[in-house]
Amino acid sequence: MAMSSENEHPVKAFGWAARDSSGHLSPFKFSRRATQEKDVTFKVLYCGICHSDLHNVKNEWGITSYPVIPGHEIVGVVTEVGAKVTKFKVGDKVGVGCMVGSCRSCANCKDNLENYCPKMILTYGTKYYDGTITHGGYSDIMVLDEHFGIKIPDNLPLDGSALILCAGITVYSPLKYYGLDKAGMHLGVVGLGGLGHMAVKFAKAMGLKVTVISTSPNKKKEAMEHLGADEFLVSRNTEEMQFAMDTMDGIIDTVSAVHSLLPLIGLLKNNGKLVMVGAPEKPLELPIMPLLLGRKIVGGSNIGGIKETQEMIDFAAKHNIVADIEVIPMDYVNTAMERLSKADVKYRFVIDIANSLKPI
Ligand SMILES: NC(=O)c1ccc[n+]([C@@H]2O[C@H](COP(=O)([O-])OP(=O)(O)OC[C@H]3O[C@@H](n4cnc5c(N)ncnc54)[C@H](O)[C@@H]3O)[C@@H](O)[C@H]2O)c1
Ligand SMILES: [Zn+2]
Ligand SMILES: [Zn+2]
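Every residue gets a number counted from 1 within its own chain, in the order that chain's sequence is written. Each chain takes a letter, starting from A, and each ligand takes a number, starting from 1, following the order in which they are written. Under the rules for a predicted model, residues below a pLDDT of 70 receive no local features and side-chain atom pairs below 80 are neither given nor counted, while totals for whole chains, interfaces and linings still include all residues.

An unreviewed UniProt entry lists the protein chain under the name Enoyl reductase (ER) domain-containing protein, with Eucalyptus grandis given as the organism. UniProt positions are given in the numbering used here, feature names are shortened, and annotations may be inferred rather than shown by experiment. Under Subunit (unreviewed entry), UniProt gives the following word-for-word description of the protein chain: "Homodimer." UniProt annotates the protein chain under Sequence similarities (unreviewed entry) with the comment "Belongs to the zinc-containing alcohol dehydrogenase family."

A. Spotlight on the overall build of the protein chain. Scanning the protein chain for helices and strands turns up 12 helices and 17 strands. On C-alpha atoms alone, the protein chain measures out to a radius of gyration of 20 Å, which is about the 21 Å that the 2.2 N^0.38 rule sets for 360 residues. Dimensions of the protein chain, computed from the C-alpha atoms along their principal axes, are close to 65 × 40 × 35 Å. It is the C-beta atoms, placed from the backbone, that decide contacts: two residues are in contact if theirs lie within 7 Å. The contacts of the protein chain with a sequence gap of at least 6 include a subset with a gap of at least 24, amounting to 67%. A run of H or I in DSSP counts as a helix once it spans at least four residues, and a run of E counts as a strand once it spans at least two, with each numbered from the N terminus. It is over C-alpha atoms that the radius of gyration is taken, and the globule rule equals 2.2 Å times the number of residues to the power 0.38.

B. Seen up close, helix H5 (residues 194–205). The span expected for a helix works out to 1.5 Å for each residue beyond the first. Spanning 12 residues, H5 covers 17 Å between terminal C-alpha atoms, matching the ideal 16 Å at 1.5 Å per step. The element H5 is largely enclosed, with a buried count of 10 among its 12 residues. Structurally, H5 contributes buried residues whose contacts are with helix H1 (51–57), helix H4 (167–177), strand E10 (186–190), strand E11 (209–214), strand E13 (248–253) and strand E17 (348–352). The first or second residue beyond H5 is Gly207, which carries a positive phi of 90 degrees. For every residue, the other C-beta atoms within 10 Å of its own C-beta are counted; 20 or more classify it as buried, 12 or fewer as exposed, and values in between as partly exposed. C-beta atoms are placed from the backbone.

C. Seen up close, H4. The element H4 is extensively covered by neighbouring structure, given that nine of its 11 residues are classed as buried. By the burial criterion, the buried members of H4 are Ala167, Gly168, Ile169, Thr170, Val171, Tyr172, Ser173, Pro174 and Leu175. Packed against the buried residues of H4 are H5, E13, strand E14 (268–276), helix H10 (306–318) and E17. Backbone geometry just after H4 places Gly179 at a positive phi near 70 degrees.

D. Region of the structure containing the domain arrangement of the protein chain. Domain borders in the structure are assigned automatically or taken from a domain database. The assigned domain composition of the protein chain is domain 1 (11–166 + 324–356) and domain 2 (167–300). With centres defined by C-alpha atoms, the gap from domain 1 to domain 2 works out at 28 Å. At the junction of the two partners, domain 1 supplies 16 residues and domain 2 supplies 10 residues. Among the elements that make up the side of domain 1 that touches domain 2, the one with the highest residue count is H1 (three residues). Here the nonpolar group is Ala, Val, Leu, Ile, Met, Phe, Trp, Tyr, Cys and Pro; Asp, Glu, Lys and Arg are the charged ones; every other residue, Gly included, is treated as polar. Of the residues contributing to the side of domain 1 that touches domain 2, the split by class is eight nonpolar, four polar and four charged.

E. Main features of unusual backbone geometry. Pro67 follows Tyr66 through a cis peptide bond whose omega is -5 degrees. Mapping Pro67 onto the fold places it in the loop between H1 and strand E4 (74–81). The amide bond that connects Lys346 to the next residue, Tyr347, takes the cis arrangement and shows omega of -20 degrees. With respect to the helices and strands, Tyr347 occurs in the loop between helix H11 (333–341) and E17. Positive phi values are uncommon outside glycine, yet Asp246 reaches one of about 60 degrees. With respect to the helices and strands, Asp246 occurs in the loop between helix H7 (238–243) and E13. You will see that Ala343, though not glycine, has its phi angle at about 55 degrees, which is positive. Within the secondary structure, Ala343 is located in the loop between H11 and E17.

Here is the structure:
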């Protein structure tokens, strides 16, 4: 029999995959490697639906190879550990974000920045050390090098902590790195989706003043009363935007589509920082003059390293940061993707894998 994802490894596995750029997901049989000495094998309990999954299944970044089983906001329970595993034991909860491997020897890796390793291996759609393609968390079981496992603190709900492993670290890491984590600073958050709502929660826990900048006026009440934002700007309301010019120390931009940066740069004080974490499929236009005149910078950030991800989830546990989610069964995933593309979710879909993924 020819090698295929169904028989390349000894352990039978089952998930949902997209086969082409329609992005439609359907049941898919494949296989996982046997537990190696530094591996933990775990049963997937919950998996969040990140907008990156949507970009991926529709090949919006032009890098997808099909079939693809998405999912990189994963929480599970360990069922088997390799002989040399020290971080986890059978029965422990384990989390996985966007990475399952890296070279472990370059300057980035040595600096706990596996997320910037040129050989980083993504949780799905990337060639693993053994030459096979990685498959994500919309599946029943996973096998993971323990280094890339995150310990889930006991007081965090399992369904509500899955997305913290991507959406949480993606906003926490730049707040720290760009020095936007000092109490009293004023932070703007653009795009109130999965990443954006986590940014509001982390920044509030750090003691910042937070203003949400959104295209949807109907998100205002909830953002202020429920998420704890201090102010809300409707980006299309030029009067409101004008009034808020030169007031922010930093902005975290989580928008998933092409949008204008000029009004955002205008909101920054001199020396302010606009940090891009959203990943639109096309380049944005960058107006230079307002950067020069205010010594402002535009930067980027990509998830976070394993050490920082653990620190972030421990911070979330300490400050009782819990995501707002809509838990769905596996067979709702295509509808969920459709709704996500219309920003119709508060604020993250999380698939209840263990209770709803039925093998065919
Ligand atoms: N840098 C990283 O490490 C990293 C990690 C995870 C996700 N991402 C990317 O971040 C982006 C956001 O991810 P998410 O899961 O929070 O998505 P999401 O869909 O939950 O949220 C995106 C938000 O952007 C808003 N938005 C969409 N188009 C807009 C427009 N034209 N103008 C203004 N607002 C608009 C939506 O209303 C929504 O609130 C995606 O592009 C995703 O791929 C990056
Ligand atoms: Zn993600
Ligand atoms: Zn490396």
